Structure formats: C-alpha cells, structure tokens
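Descriptive analysis of the structure
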Amino acid sequence: MVVEANVVEGTKIKNSPKTSIFRLLVAPMLKVAHSGKDVNFVYTHNEGGSQWDQLIRDRQVRSVFKVAEVRDFVLAHKAVLDGEPTASFLDSRRMVGFLVDPRGGHEGKLHQNLWGVRYNRNLWLKRYIQNDLIDIINKKAKPQKLGHYMFYVPFFTERFCREMIEEMEHHGDWFDDEHDDRDVSHQYTSRNINLEDLGYKEEYLALLNSVHKELLSTLYHGFRSKPDSSLIFVLKYSPKKEYGTFKYHLDGATYTYNIALNDQFTGGGLQFKMGNPHFGKEEEFIIPHNRTGWAVIQPNRPLHYHRGVPLDTGLRYAMINIIETNCKGCKGGPLFW
C-alpha cells in the first residue's frame, strides 16, 4: 500500500543524524470493508467525541484529524524520533484501502488471497465475483437461458480464474485415468484436481452457502436448500485425447455448475441431448462455453443428458461443481417411468 506523507508543521522527526526537519506523517483511515466498527484509529477528543467518531468512520467529514491512537499502520519507528511527544493524525480525505484479516491468507500458497472468502468476505467478493452476477441475484438483470431449467451466467472474475489455474499448476498433483487411486466418482473423467486436495474445501463451502445458494434461489423460484455434500474439481483438457467426460452422462446430484476458467482453445464446450423420448422430441445442441468466468447451471434431471466436446487446439480448464443438497424432495429430480 502506498500512502503519501503530508507535510504539517509541529512534529520534529530526524531524517539523518545531522539534520532534522519538521514533518508529520499522516496515517490513512483504514477499516474493514462495509464495516463502521473495525477501524485503525481511536478518537476520544472533547465532548461529543462519539458523534465525530462516527462521522469520521463513515467518511462524511473528510479532513485531517488529531486522534488518540493509530493502529495497524506504522507511521515511523520510535528510533527516528527525538523522544518528544508525537501526536497521531488521521487522514480521511482519500480512500486508500481496507483492513484485511490475516486469517484470510494461507501460507505456502501461490495466491493467498483466494483463501480470504471466510474472513475477508466483502473484499473477496469484490475481487473475485463479477458485478453482473450480483445484479442477477438481486433481480436487476436477467440470466441467459440455454434450455429447460438451464442458465448461462457471469460468475467469477478473470482474476479468480487466472489465479485458480496458477494455483492448480503450482499444486501440480494432477490425477487422470492412468493414475488415480482416489475412491471418488470422477476418477474416470479427465485430468483433474479436487479442491479438497488443494485445501480449499472450507472456503468453497462458505461460497456454496452464500453466493451459490442465493443465485439458485433467484433462478429456481426460491429454492434455498443448503449444500450437503459436493464434488468440486478443476479439469484440464488437452487436444487429441479421449476423456470419460466425452461420453454422454448425468452427474447424479441436485445441481451442477460448470465454470469456464479460460478461453485459450478451439473446439471443446458442452453438448446436451435434451428431452425424453417418452415425452416428445429430443433436442441436441452445443454450448461453446469459452467465456472466462461464466457458468453453465443445470439441475441434474434425467433430461439434462450431456457430455464434454473434444478440443481442436489449446488447453482448456474448467471448474466443475457437482452439488448434493439436504433437501430430500429434490434429490435426483423428478421420477420418470
């Protein structure tokens, strides 16, 4: 974070053993995003201080204020001061950033901010979730409809997609049908890494119980069931290679999000064979699915028979969310007989 030093008369700070000038470093106001409580200063001056404290926190008054204490931002080390009492000042004129909860990071990871969804939720959403998705959730915009109960929506930002791909490659322990000893249902599908293998299970569960659930409620007329179990993984497709997902299949859970993480490929996409021969004509179509960060959303009903389409060139990454819920009435979709 870069913060300018504002020159104010009154405080003597040594710049070198031989010279000193009167200069005051004014700390910027920092607070947790969308929170008026968690800030980096204490204001207790004069009567009516609590009223001014709130005005400063809300940035309704923008100026330089003398405060009792500034925390979470180092102005200067005590060794560079003359030993004279030094007042603390706070500058609320410009927004320079937010306080970040250190628990939102994860040591040893390439992009530690990806792990901030639980402790720095508002900042995480601002950085990694597309604004258009929030508008759809709030019914200010409409999703693109693909077919029966199927939707195409903007979901993750390009930054999230890039960092997730880089994090997976940094992890590097890809599984495929030639080497996969995990006892999970997607062993045969492709080259992949489970988010649980990445240590991302708790973070993504928080996302399932917030953004995912709110979006489903908007798309499916108030459906708000809590995720019960899930299989979430990143696929890595190469051209001229056969994968199990190229065969028509059903995912076998309540709903699926298929999220494109890149667009540097040709060919590929998803092919659907919609309908049921007992109820009418079948419809077959292909979704290119090459919009970075966009999600194809479908309930796992018998009519959503689908498969992956082989690549012609490039390398394709996709995040697959196969989610089961604790709503017994919706498991498996309607019964066809």
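Shown above is the structure to which this text applies.
So, a few notes on the structure that sits alongside this text. Everything numeric in this text was worked out from a predicted model, so none of it was measured.

A look at the overall build of the protein
Within the protein, the regular secondary structure consists of five helices and 19 strands. For the protein, the residues scored as buried account for 46% of the 337 residues in total. Residue pairs in contact within the protein that sit at least 24 positions apart in sequence constitute 73% of those at least 6 positions apart. A total of about 18,600 Å² of accessible surface is found on the protein, and carbon and sulfur atoms cover 49% of it.

Brief notes about unusual backbone geometry
At tyrosine 149, a residue that is not glycine, the phi angle is positive and equals roughly 60°. Taking the relative accessible area as the measure of exposure, tyrosine 149 reaches 40% and is therefore partly exposed. One non-glycine residue with positive phi stands out, namely histidine 289, at about 50°. With respect to the helices, strands and loops of the structure, histidine 289 is situated in the loop between β15 (283-287) and β16 (294-299). We classify histidine 289 as buried; its relative accessible area is 1%.

What counts, and where the lines are drawn
- Residues numbered from 1 in each chain as written.
- Predicted model: local features only at pLDDT ≥ 70, side-chain atom pairs only at ≥ 80, totals over all residues.
- Heavy atoms only, no water.
- Helix = DSSP H or I, 4+ residues; strand = E, 2+ residues; numbered from the N terminus.
- Buried < 20%, exposed > 50% of the residue type's maximum accessible area, 1.4 Å probe, protein only.
- Contact = heavy atoms within 4.5 Å.
- Areas by Shrake-Rupley, 256 points an atom, 1.4 Å probe, with all protein chains shown as cover.

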